[in-house]
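Residue-level structural notes
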Amino acid sequence: MVLDCYIDASQSTFVPGRLIIDNVLLAYEVLYSFKNRRSGQKGFMALKLNMSKAYDRVEWSFIKRVMSKLGFADGVIDLIIRYINSVQYSILINGEEGQSFRPTRGLRQGDSLSPYLFLFYGEGLSALMKLACQKGRICRANVSRASPSITHHMFADDCILFGKVSNRRISVPKEILKEYDVCSGQYINFEKSMVFFSWNVNDHDRNLVFQTLNVRCSIDPEKYLGLPNMVEQKRKMAF
């Protein structure tokens with residue numbers, strides 16, 4: 001009931017009043033505007049991140065610090081930490097159960113509480129993006145001059161970063177993600193991540209992004225949340 005007050009608006013999952021279609025429509029609009037931006041000095045890019053084993057890499061201490069920073073009571077935080085710390089695992093070897101042991105990190109996928117705890121985990125990245133934007137290290141992307149601007153949006157561990165392509169700011173996303181990695185334990189697999197440019201980005205800047213971030217390029221982005229990012233123009237049908 002309180003998630004809407006704590007979780008950033010860029011996160012659209014597991015929060016009352018927010019839907020998966022919100023992210024899909026937003027991705028449609030922004031990427032479609034990139035595809036049609038063929039002139040102008042401002043070039044933009046969308047970086048779709050690949051987080052390696054996101055739930056397995058969750059550090060419990062990081063969740064505790066984030067919830068404390070958001071203002072949750074110590075008793076509530078301790079109760080949640082005791083809950084996720086209570087799990088035990090054992091391995092079957094030749095049909096026989098081995099000795100049980102306790103993990104030191106990670107969230108169980110399928111557990112009813114895990115999705116909500118992962119939202120607090122993702123708040124670390126949202127906070128870093130907002131802070132970098134306030135300091136002018138990154139620039140927001142927008143569909144038009146009158147439209148709201150955006151730096152990123154997330155659906156659980158699925159994240160897309162938006163920003164301006166410039167020589168001074170190309171390395172900033174990687175610095176932010178590295179800081180998030182050090183603090184939270186998450187690992188961004190840049191080799192499996194993908195970048196999409198607006199059409200007015202020149203080849204020199206594209207190559208600079210590839211060399212700096214070590215990511216793949218896509219002319220037409222792959223599917224996002226199960227749906228294709230690009231919607232082709234409707235054909236006229238004769239009846």
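Note that the structure is a prediction, hence the values are computed from the model and not measured. Residue indices begin from 1 for each chain and proceed along its sequence in written order. Restriction of local features to residues with pLDDT of at least 70 applies here, the model being predicted, together with a cutoff of 80 or more for giving and counting side-chain atom pairs; totals for whole chains, interfaces and linings are based on all residues. Just so you know, side-chain values use all the structure's heavy atoms and leave hydrogens and water out.

1. Here we look at the overall build of the protein chain
A run of H or I in DSSP counts as a helix once it spans at least four residues, and a run of E counts as a strand once it spans at least two, with each numbered from the N terminus. Scanning the protein chain from terminus to terminus reveals seven helices and seven strands. Reading the secondary structure of the protein chain in the N-to-C direction produces α-α-β-α-α-β-β-α-β-β-α-β-α-β. Seen along its three principal axes, the alpha-carbon backbone of the protein chain occupies a region of about 60 × 50 × 40 Å. By residue count, 44% of the 239 residues in the protein chain fall in the buried class. Sequence separation of 24 or more characterises 70% of the internal contacts of the protein chain that already satisfy a separation of 6 or more. A total accessible area of about 14200 Å² is found for the protein chain, and carbon and sulfur atoms account for 52% of it. The averaged location of the 23 negative side-chain charges in the protein chain is 8 Å from the averaged location of its 32 positive side-chain charges. Exposed residues in this analysis have more than 50% of their type's maximum accessible area, buried residues have under 20%, and partly exposed residues fall in between, with area computed by a 1.4 Å probe over protein chains only. In what follows, a contact means two residues having at least one pair of non-hydrogen atoms within 4.5 Å. Here the Shrake-Rupley method, with its probe set to 1.4 Å, supplies the accessible areas, and only the displayed protein chains count as covering residues. Here Asp and Glu are counted as negative and Lys and Arg as positive; His is not counted, and neither are the chain ends. Every charge is mapped onto a representative atom, which is NZ of Lys, CZ of Arg, CG of Asp or CD of Glu.

2. So, the sheet that holds strand β6 (residues 194–197)
Here five strands make up an open sheet; going across it, the order is β4-β5-β1-β6-β7 and the pairing mixed. At either end of the open sheet lies a strand with only one pairing partner, and these are β4 (152–155) and β7 (216–217). For β6 and β7, the ladder comprises two bridges, and the chain directions are parallel. By the bridge assignment, Met194 is partnered in β7 with Arg216. In the packing of helix α5 (residues 114–134) onto the sheet, contacts are made with β4 and β5 (158–165), and the angle to β4 comes to roughly 175°. The sheet strands contacting helix α7 (residues 203–213) are β1 (43–48), β5, β6 and β7, and the helix crosses β6 at an angle near 165°. Note: two strands are recorded as paired if DSSP finds a minimum of 2 bridges between them. Between N-to-C directions, angles cover 0 to 180 degrees, with each direction set by a line fitted to C-alpha atoms, over the stretch in contact for helices.

3. A closer look at the side chain of Gln186
With respect to the helices and strands, Gln186 occurs in the loop between α6 (172–184) and β6. We classify Gln186 as buried; its relative accessible area is 1%. Among the polar contacts listed, one links the side chain of Gln186 to the backbone oxygen of Ala54, at a separation of 2.7 Å. Gln186 has contacts with Met51, Ser52, Ala54, Arg57, Val58, Phe118, Tyr121, Tyr180 and Asp181, leaving out every residue within four places of it along the chain. Polar contacts here mean pairs of N or O atoms no more than 3.5 Å apart (in protein, one a potential hydrogen donor and the other a potential acceptor; neighbouring residues in sequence count only if both atoms are side-chain atoms).

4. Regarding the packing of aromatic side chains
Only rings of Phe, Tyr and Trp enter the pairing, Trp through its six-membered ring, and a pair is recorded when the two centres are within 6.5 Å. The plane angle decides the type: under 30 degrees is stacked, over 60 is edge-to-face, the rest tilted. In the structure shown here, the tally under the stated rule is twelve aromatic pairs. Look at Tyr6 and Phe72: their rings are 4.6 Å apart centre to centre, the planes differ by 35°, and that puts the pair in the tilted class. With Tyr6 in helix α1 (residues 3–6) and Phe72 in the loop between α3 (60–70) and α4 (74–84), this pair connects stretches of sequence that are 66 residues apart. For Tyr6, a relative accessible area of 25% corresponds to the partly exposed category.

5. Remarks on the confidence of the model for the protein chain
Confidence scores here are pLDDT values: one per residue, from the predictor, ranging 0 to 100. Put simply, the protein chain has an average pLDDT of 83, and 91% of its residues get 70 or more. Between residues 233–239, whose pLDDT stays under 50, and residues either more than four places distant or in other chains, the model counts zero contacts.

6. Some remarks on the packing of α5 against α6
It is at 10 Å that the axes of α5 and α6 come closest, and there the two elements cross at 145°. The two elements α5 and α6 meet at a crossing, and its hand is right-handed. Across from Tyr121, Gly122, Gly124, Leu125, Leu128, Met129 and Ala132 in α5, the residues of α6 making contact are Ile176, Leu177, Glu179, Tyr180 and Ser184. Counted by class, the contact of α5 with α6 contains eight nonpolar, three polar and one charged residues. In a left-handed crossing the near helix is turned counterclockwise from the far helix by less than a right angle, and in a right-handed crossing that turn is clockwise. Classes in brief: Ala, Val, Leu, Ile, Met, Phe, Trp, Tyr, Cys and Pro nonpolar; Asp, Glu, Lys and Arg charged; the others, Gly included, polar.

7. With respect to the nonpolar core
Nonpolar cores are built from buried Ala, Val, Leu, Ile, Met, Phe, Trp, Tyr and Cys residues. Side-chain atoms within 4.5 Å join them into one set. One finds Leu49, Leu107, Phe120, Leu125, Ile176 and Val209 to be the most contacted residues of the largest nonpolar core, which totals 49 residues. In terms of residue count, the dominant contributor to this core is α5 (ten residues). In this view, Val209 contacts Met45, Val165, Ile170, Val195, Phe197 and Asn214; residues no more than four positions away in its chain are not counted. Within the second largest apolar cluster, ten residues are counted, among which are Leu31, Phe34, Ile150 and Phe162.

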